[in-house]
Amino acid sequence: MRQELGYKEKSDQFTKFGQWYADRVQDTQYRDAPWCDMFLAWAANKAGLSDYVGEFAWTPSHAAWFIQKDAWSQRPEPGALVFFDWRGGKSYKGIDHVGVVERVAGKKIHTIEANVDRVWLKRKTRETDKVVGYGIPRLVKAKADQEEIRSTEQPFVSPPRTQTGHGSPFDVLGTPPALLAVMVLTTIILSLRVTRRRGTHRRLAWPWLGRRPSSAPDIQRVPSPRNPFAGEGAAKAQGAAPARPARPRVPAGSGSAAEHASRRRRPYDEG
């Protein structure tokens, strides 16, 4: 920066600092524009301090950048950027000019400024009544370092597993719903096999529900009136003798019965 002291702009306000900035932002209008802030951007880039000083051509935007970075102050210090409002305002929106503080002497500041006295880059001694504020690059750097330290304090997160191929359908069997389904199907199959061995067609009783006691009484089979011997098979299966049909009782004095009795020969009757 000090090596550039005494630089003078060319005709039509052309400067090498404006040319550098125009090439950087791809806009030719900056080649012959007011260059006080573009000189600071150029110097910060040469020193590798652009992240802490900023690169601007419009001074209100540059001041707002320091305010946003919480690096704005009302106290001068060497290395600080000093922002002026020649009308004496105290808002960053009215800033007209910027320089860099070289040293502080009592109530005065010694600065290096570009585009002063119309065409020069030179040292100036300034009162502070026209100063709006100071942008402090060291505070920008300190906060950037603090953020970097905080980023390293985050808990370690294991990298995601990379899948080498498509998953197998059998991988689903390891899930709890799949295991429960296998248990239910196994229980059903075993119950069906036991039922078939017994040769019955009873309703399937679920093992976990328990056996319900039958509240209905045993129903005895009643022979059909058309076939009185229909129940003999069931009776024989239970070990009971089949019941014989009762003879119809004929009342005494019936003609046909008396006749039959008179015709019947008794063993002690003579022939």
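This text goes with the structure placed above it.
Predicted, not measured: the structure shown is a model, and the values here were computed from it.

## A short note on the overall build of the chain
A count of helices and strands for the chain gives eight helices and six strands. In sequence order, the secondary structure elements of the chain are arranged as α-α-α-α-β-β-β-β-β-β-α-α-α-α. Among the 271 residues that make up the chain, the fraction classed as buried is 25%. A fraction of 49% describes how many contacts in the chain between residues 6 or more apart in sequence connect residues 24 or more apart.

## Topic: the pairing of strand S3 (residues 97-105)
Regular strands have side chains that alternate between both faces of the sheet. Where strand S2 (residues 81-84) meets S3, four bridges bridge the pair, whose relative direction is antiparallel. Among the inter-strand pairings, Phe 83 is bridged to a residue of S3, identified as Val 98. Sheet topology places S3 next to strand S4 (residues 108-116); five bridges connect them, and they run antiparallel. Paired with Val 100 across the bridge in S4 is Ile 112. Connecting S3 to the next strand, S4, in antiparallel fashion are two residues, including Gly 106 with a positive phi near 65°.

## Section: the pattern of salt bridges
Pairs can form between side chains of opposite charge once their charged atoms are near each other. Following the criterion strictly, the structure yields 14 salt bridges and no others. Notably, a salt bridge pairs Glu 102 with Arg 2, separated by 3.0 Å at the nearest N-O pair. Residue Glu 102 is located in strand S3, and its partner Arg 2 is located in the segment before helix H1 (16-25); the two are separated by 100 residues in the primary sequence. A salt bridge links Arg 138 to Glu 77, with the nearest nitrogen and oxygen atoms 2.7 Å apart. Residue Arg 138 is found in helix H5 (residues 137-152), and its partner Glu 77 is found in the loop between strand S1 (72-73) and S2; the two are separated by 61 residues along the sequence. Linked by salt bridges that have partners in common, Arg 2, Glu 102 and Arg 123 make up one network.

Reading guide: rules and limits
Residues numbered from 1 in each chain as written. Predicted model: local features only at pLDDT ≥ 70, side-chain atom pairs only at ≥ 80, totals over all residues. Heavy atoms only, no water. Helix = DSSP H or I, 4+ residues; strand = E, 2+ residues; numbered from the N terminus. Buried < 20%, exposed > 50% of the residue type's maximum accessible area, 1.4 Å probe, protein only. Contact = heavy atoms within 4.5 Å. Pairing = 2+ DSSP bridges. Salt bridge = Lys/Arg side-chain N within 4 Å of Asp/Glu carboxyl O.

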